Amino acid sequence: MIWTYETDTGAVLSPTVAGDTVYFSQGEELAAVARADGTRRWRLDIGERTGPPVVVGETAYIQTNPGHNYESRLLAVREP
């Protein structure tokens, strides 16, 4: 094992790797950790359940409330 990451809230869901960063949902948050050692870079409270992040360039795109069509939003997030 190279490293592990334990969340403060919720389970790690749908990790996405982009460059040297791993992005994932944890509860109602989006988080990013260093791919090399698992050190948390940042986390952002979205306030809603999120789907898997899709990362293009420096922007992560996240769907909120997946499966709830009229309550769902698409967010574009750059490193806070």
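These numbers come from a predicted model, not from an experiment.

Conventions we followed
Along each chain, the written sequence defines residue order, and numbers are assigned to residues from 1. Only residues with pLDDT of at least 70 are given local features in this predicted model, and only at 80 or more are side-chain atom pairs given and counted; all residues enter the totals for whole chains, interfaces and linings. Note that water and hydrogens are dropped before the side-chain values are worked out from all heavy atoms of the structure. Two distance rules govern patches: like charges are joined within 9 Å, and nonpolar side chains (Val, Leu, Ile, Met, Phe, Trp, Tyr) within 5 Å, applied only to residues with over 30% relative accessible area and no salt bridge. For the area figures, the Shrake-Rupley method with a 1.4 Å probe applies, and any residue is considered shielded solely by the protein chains shown. Here, a salt bridge means any side-chain nitrogen of Lys or Arg that lies within 4 Å of a carboxyl oxygen of Asp or Glu. Only DSSP runs of H or I reaching four residues or more are called helices, and only runs of E reaching two or more are called strands; each is numbered from the N terminus. What qualifies as a polar contact is a pair of N or O atoms within 3.5 Å, subject to a donor-acceptor requirement within protein and to the restriction that residues adjacent in sequence count only when both atoms come from side chains. Contacts between residues were defined by any pair of non-hydrogen atoms, one from each residue, lying within 4.5 Å. Two strands form a pair only when DSSP identifies at least two bridges running between them. Axis definition: a line fitted to C-alpha atoms, limited for helices to the stretch in contact. Angles are taken between N-to-C directions and run from 0 to 180 degrees. Here's how the labels work: a residue is buried when its accessible area is under 20% of the maximum for its type, exposed when over 50%, partly exposed in between, all with a 1.4 Å probe on protein chains only.

A.B. asks: Describe a nonpolar patch on the surface, and please don't skip the residues or the numbers.
C.D. replies: Together, V54, V56, Y61 and L74 line one region of the surface with nonpolar side chains, adding up to about 390 Å² of accessible area. By secondary structure assignment, the location of L74 is in strand β7 (residues 73-78).

A.B. asks: Give a detailed account of the side chain of Q26, specifying residues and quantitative values.
C.D. replies: Of note, Q26 is situated in strand β2 (residues 21-26). Among the polar contacts made by the side chain of Q26, one reaches the side chain of Y5 at a distance of 3.5 Å. Setting aside residues no more than four positions away along its own chain, Q26 makes contact with Y5, T7, T9, G10, A11, A31 and R43.

A.B. asks: Tell me about the sheet that holds strand β6 (residues 59-64), and please be specific about residues and values.
C.D. replies: Either a parallel or an antiparallel arrangement is found when strands of a sheet pair, and the pairing is made through backbone hydrogen bonds. Strand order in the open sheet made by the 3 strands is β5-β6-β7, with antiparallel pairing throughout. In this open sheet, the two strands that pair with only one neighbour each are β5 (54-56) and β7. Sheet twist, expressed as the average angle between the axes of neighbouring strands with direction ignored, equals 25°. Where β5 meets β6, 3 bridges bridge the pair, whose relative direction is antiparallel. If you follow V54 over to β6, its bridge partner there is Y61.

A.B. asks: Could you give an account of the pattern of salt bridges, with specific residues and numbers?
C.D. replies: Counted according to the given criterion, the structure contains 3 salt bridges. One salt bridge in this structure joins E29 and R43, with 3.8 Å as the shortest N-O distance. In this pair, E29 sits in strand β3 (residues 29-34) while R43 sits in strand β4 (residues 40-45), placing the two residues 14 residues apart along the sequence. Using a relative accessible area of 34% as the deciding quantity, one classes R43 as partly exposed. For E48, the salt bridge is made with R73, and the minimal N-O distance between the two is 2.3 Å.

A.B. asks: Please set out the side chain of T50 residue by residue, giving values where relevant.
C.D. replies: Note on placement: T50 falls in the loop between β4 and β5. Given a relative accessible area of 6%, T50 falls into the buried group. In terms of polar contacts, T50 uses its side chain to reach the side chain of S25, at 2.7 Å.

A.B. asks: Kindly report on the pairing of β3, identifying the contributing residues and their values.
C.D. replies: For β3, the buried fraction is high: 6 of the 6 residues fall into the buried class. The side-chain alternation of β3 yields two buried faces, one formed by E29, A31 and V33 and the other by L30, A32 and A34. Looking at chain direction, β2 and β3 are connected through 6 bridges and run antiparallel. Bridge pairing in β3 places Y23 opposite A32. Remark: 2 residues form the turn of the hairpin made by β2 and β3, two consecutive strands paired antiparallel; G27 in that turn has positive phi of roughly 65°. Connecting β3 to the next strand, β4, in antiparallel fashion are 5 residues, including G38 with a positive phi near 80°.

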